[in-house]
Amino acid sequence: MPNKRPDIHPSWYDQLANEFNSNYFTKLKSFLISEKAGQTVYPPGSKIFSAFNRTPFTSVKVVILGQDPYHGEGQANGLSFSVSPGIKIPPSLKNIYKEIQKDLNLPLPETGDLSKWADQGVLLLNAVLTVRHKQPGSHQKHGWETFTDAVIKKISDEKKGVVFLLWGNFARSKKALIDSTKHHILEAPHPSPFSAHTGFFGCGHFSKTNEILEKQGQKPIDWKVD
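Rules used in this analysis
- Each chain carries its own residue numbering, running from 1 in the written order of its sequence.
- Side-chain atom pairs in this predicted model are given and counted only at pLDDT of 80 or more, local residue features only at pLDDT of at least 70, and totals for whole chains, interfaces and linings cover all residues.
- Think of the side-chain values as coming from all heavy atoms in the structure, minus any hydrogens and water.
- DSSP-based pairing: two strands are paired if at least 2 bridges between them are found.
- In this text, helices come from DSSP runs of H or I with a minimum length of four residues, and strands from runs of E with a minimum of two, each type numbered from the N-terminal end.
- A fitted line through C-alpha atoms represents every axis, and for helices the fit uses only the stretch in contact; the resulting angles, taken between N-to-C directions, go from 0 to 180 degrees.
- Any two residues whose heavy atoms approach within 4.5 Å at even a single point are treated as in contact.
- The term nonpolar core refers to a set of buried residues drawn from Ala, Val, Leu, Ile, Met, Phe, Trp, Tyr and Cys, joined through side-chain atoms within 4.5 Å.
- Accessibility here uses a 1.4 Å probe with only protein chains present; expressed as a share of the type maximum, an area under 20% marks a residue as buried, one over 50% as exposed, and anything in between as partly exposed.
- To sort the angles, those under 35 degrees are grouped as roughly parallel, those over 145 as roughly antiparallel, those from 65 to 115 as roughly perpendicular, and the leftovers as oblique.
- Each crossing gets its handedness from the near helix: less than a right angle anticlockwise from the far helix is left-handed, clockwise is right-handed.
- Ten residue types, Ala, Val, Leu, Ile, Met, Phe, Trp, Tyr, Cys and Pro, are classed as nonpolar, four, Asp, Glu, Lys and Arg, as charged, and the remainder, Gly among them, as polar.

Chemist: Kindly report on the sheet that holds strand β3 (residues 122-126), identifying the contributing residues and their values.
Modeler: Within the open sheet, the four strands sit side by side as β3-β2-β5-β6. Their pairing is parallel. Of all the strands in the sheet, the pair left with one neighbour each is β3 and β6 (184-188). Strand-to-strand twist in this sheet, taken as the mean axis angle between neighbours without regard to direction, amounts to 20°. Along the sheet, helix α6 (residues 144-158) makes contact with β2 (62-66), β3 and β5 (163-167), crossing β3 at roughly 155°.

Chemist: Please provide a residue-by-residue account of unusual backbone geometry, values included.
Modeler: Geometrically, the link from Y42 to P43 is a cis peptide bond, its omega value of -15° lying close to zero. With respect to the element layout, P43 can be found in the loop between β1 (41-42) and α3 (50-54). Look at F81: it is not a glycine, yet its phi comes out positive at around 70°. Tracing the backbone shows F81 in the loop between β2 and α4 (91-104).

Chemist: Got a sec to walk through the nonpolar core? Specific residues and values, please.
Modeler: In terms of nonpolar packing, the biggest core is built from 62 residues, with W117 and F147 touching the most fellow members. Leave out the neighbours within four places in its chain, and W117 touches I64, I96, I100, V122, L124, F206, D222, W223 and V225.

Chemist: Let's hear about the side chain of S50: which residues, and what values?
Modeler: Residue position: S50 is located in helix α3. For S50, the residues in contact, after removing those within four places along its chain, are N77, G78 and L79.

Chemist: So what's going on with the packing of helix α2 (residues 23-38) against α6? Residues and values would help.
Modeler: α6 packs onto α2 with a crossing angle of 130° between their chain directions and a minimal axis gap of 9 Å. In terms of their interaxial angle, α2 and α6 are classed as oblique. For α2 against α6, the interelement crossing comes out left-handed. Two secondary-structure elements touch here, α2 through Y24, F25, L28 and L32 and α6 through W144, T146 and F147. Split by residue class, the contact of α2 with α6 holds six nonpolar, one polar and no charged.

Chemist: Residues and numbers for the environment of E145, please.
Modeler: Its location among the elements puts E145 in helix α6. Overall, E145 belongs to the buried group, its relative accessible area being 17%. For the pair formed by E145 and C203, sequence separation is 58 residues and the distance between their alpha carbons is 27 Å.

Chemist: Mind laying out the pairing of β5, listing which residues take part and the relevant values?
Modeler: Walk down a regular strand and you will see the side chains alternate between the two sheet faces. Within β5, five of the five residues are buried, which leaves it mostly tucked inside the rest of the structure. Covered by surrounding structure in β5 are V163, L165 and W167 together with F164 and L166, the residues of both alternating faces. The sheet contact formed by β2 and β5 spans three bridges and is parallel. For V63, the partnering residue across the bridge sits in β5 and is F164. Across five bridges, β5 lies against β6 in parallel orientation. Bridge assignment links L166 to a residue of β6, and that residue is E187.

Written out as structure tokens, the structure is:
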């Protein structure tokens, strides 16, 4: 794994080469090697950078920031809030779907696979990209946050007019990395069952995102999943 170029889209590698060649990333790779030797780690190695491979740097129009990958078997697929086809839809994603239904009058999807969003320029970014089986937060503070902060800062610095959807206090804490004079920041409580009723429901972020994109002359996101 050390000295090997990561399995990430070339447009992202060009932007993040300094991160991949840094001391903290070398330590992160060593940590992941040791974890995989004795633990089950999600998502599989080939999917760690799925968000970046489905949404090249040049394509990013919207960023939805999550915290950790799902920690159950078969759930994490490298896209924040998303699960692969055939996997039960998690509670937070169910609430996201409920808000889309209310906001855009779309039917509730039967799949939790959000790759269709990613393919349209929605970067589904988790702050931490790996996790141990059944141990939420187990890979926090090992370097991933430094890496994904650099990702957010790079988008802020190098692009213009990106819509950042920050749900919950953790995501909102990343606001300092974003230049609000160049980009659009929409904030709401987290869609988890514990907080969705305190303001996520009714936030209208999906229609608002499309209004912003259309005003900028960009194609709106088709939020219909299936």
